[in-house]
Amino acid sequence: MGKPQHVLALGFGGGFDVLAGRLLLLNFRAVRAASTEDGVRVLERSGEPIRVALLAVPQALGDLGFALERLRERAPAPYLHFVAAGQEPGRRELEELHRAGVEFALWEPFDDAALRFVLNEAHQDPNSGESRNVPRAPTAMLARVFSAAGQKAALVYNLSEQGAFLETLRPTSAKGHVRVELPLPAGTVTLAARVVTTNVPGNIQKPNLPMGMGVEFTEVPEEARHTLAEHVGAMAGRYRIEKPEPL
């Protein structure tokens, strides 16, 4: 397994040890900070660039906008993204988080697949062409995959209207063709797909992804595309902090 990516954990108090253990299993290393000044010291002294900070909610950093801007200014990495984690707050607190520039959310209860997905999304550098052109979301869905070698079950680590990453210890080789059966809430959809990437043990393994394969859907009927887009949009919204709609 590769070197863990460091993540700043702000204000988690007694819950830090549990969070740190979960993160380590996903190949992230949590670095504790109780206050803004602690966070500044961690960012300045860390031997590894820190690009993501988990923010405990409810938070106690005083003026949140000022505190997070101070952390961004002192971070040596080219960007610092914030993920709010905890019990989902009310409208007023969500507005404050949005104004302060917090982009991502992990509202309890969230599983390790969602934790891994959101941290990987937050690590995407928007200035390097890594940003996604369509929404994607983590799922707890169990798909069936059909190939020339037979069929197998695979957890859907993430899903978009264009493709998915399927968690399996027996991925089909890159450039292979499969059919993927997705049990969506609106009904089961079966789509043809091409394997574009695999993550398997070895020198090129991506340690922050599960074992499996990324597939691109090659034939998507319009009705299925609409069903996918609607489902993914609703799921993705759970992990983003957007400006609340007017009352």
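Overview of the structure. (Residues numbered from 1 in each chain as written. Predicted model: local features only at pLDDT ≥ 70, side-chain atom pairs only at ≥ 80, totals over all residues. Heavy atoms only, no water.)

So, the sheet that holds strand 2 (residues 28–33)
(1) Moving on: Spatially, 2-1-3-4-5 is the arrangement adopted by the five strands of the open sheet, whose pairing is parallel. On the outer flanks of this sheet lie strand 2 and strand 5 (104–107), each paired with one strand and no other. If you compare each strand with its neighbour and ignore which way they point, the axes differ by 25° on average.
(2) Moving on: When strand 4 (residues 81–86) meets strand 5, the two strands line up parallel, connected through four bridges. Note that in strand 5 the partner of Ala 84 across the bridge is Ala 105.
(3) Moving on: Its contacts with the sheet place helix 1 (residues 16–25) against strand 1 (5–10), strand 2 and strand 3 (52–57), and it is angled at close to 155° to strand 2. (Pairing = 2+ DSSP bridges. Helix = DSSP H or I, 4+ residues; strand = E, 2+ residues; numbered from the N terminus. Axes fitted to C-alpha atoms, helices over the stretch in contact; angles between N-to-C directions. Contact = heavy atoms within 4.5 Å.)

Quick look at the packing of aromatic side chains
(1) Moving on: Enumeration according to the criterion identifies two aromatic pairs in this entry.
(2) Moving on: Aromatic ring contacts, followed pair by pair, group Phe 117, Tyr 157 and Phe 165 into a single cluster. (Phe/Tyr/Trp six-rings, centres within 6.5 Å; stacked < 30°, edge-to-face > 60°.)

Overview of the nonpolar core
(1) Moving on: Counting residues in each nonpolar core, the largest one holds 27 residues, and the members touching the most others are Phe 12, Leu 23, Leu 54, Val 83, Leu 106 and Leu 119.
(2) Moving on: Of all the elements in the fold, those that place two or more residues in this core are strand 1, helix 1, strand 2, strand 3, strand 4, strand 5 and helix 5 (112–122).
(3) Moving on: With residues near it in sequence (within four places) discarded, Leu 54 still touches Val 7, Leu 8, Ala 9, Leu 10, Phe 12, Leu 19, Leu 23, Val 83, Ala 85, Leu 106 and Leu 119.
(4) Moving on: Among the nonpolar cores identified, the runner-up in size contains 26 residues, and Ala 154, Val 156, Val 195 and Val 232 belong to it. (Core = buried A, V, L, I, M, F, W, Y, C linked by side-chain atoms within 4.5 Å. Buried < 20%, exposed > 50% of the residue type's maximum accessible area, 1.4 Å probe, protein only.)

Distances and angles like these do not, on their own, reveal function.
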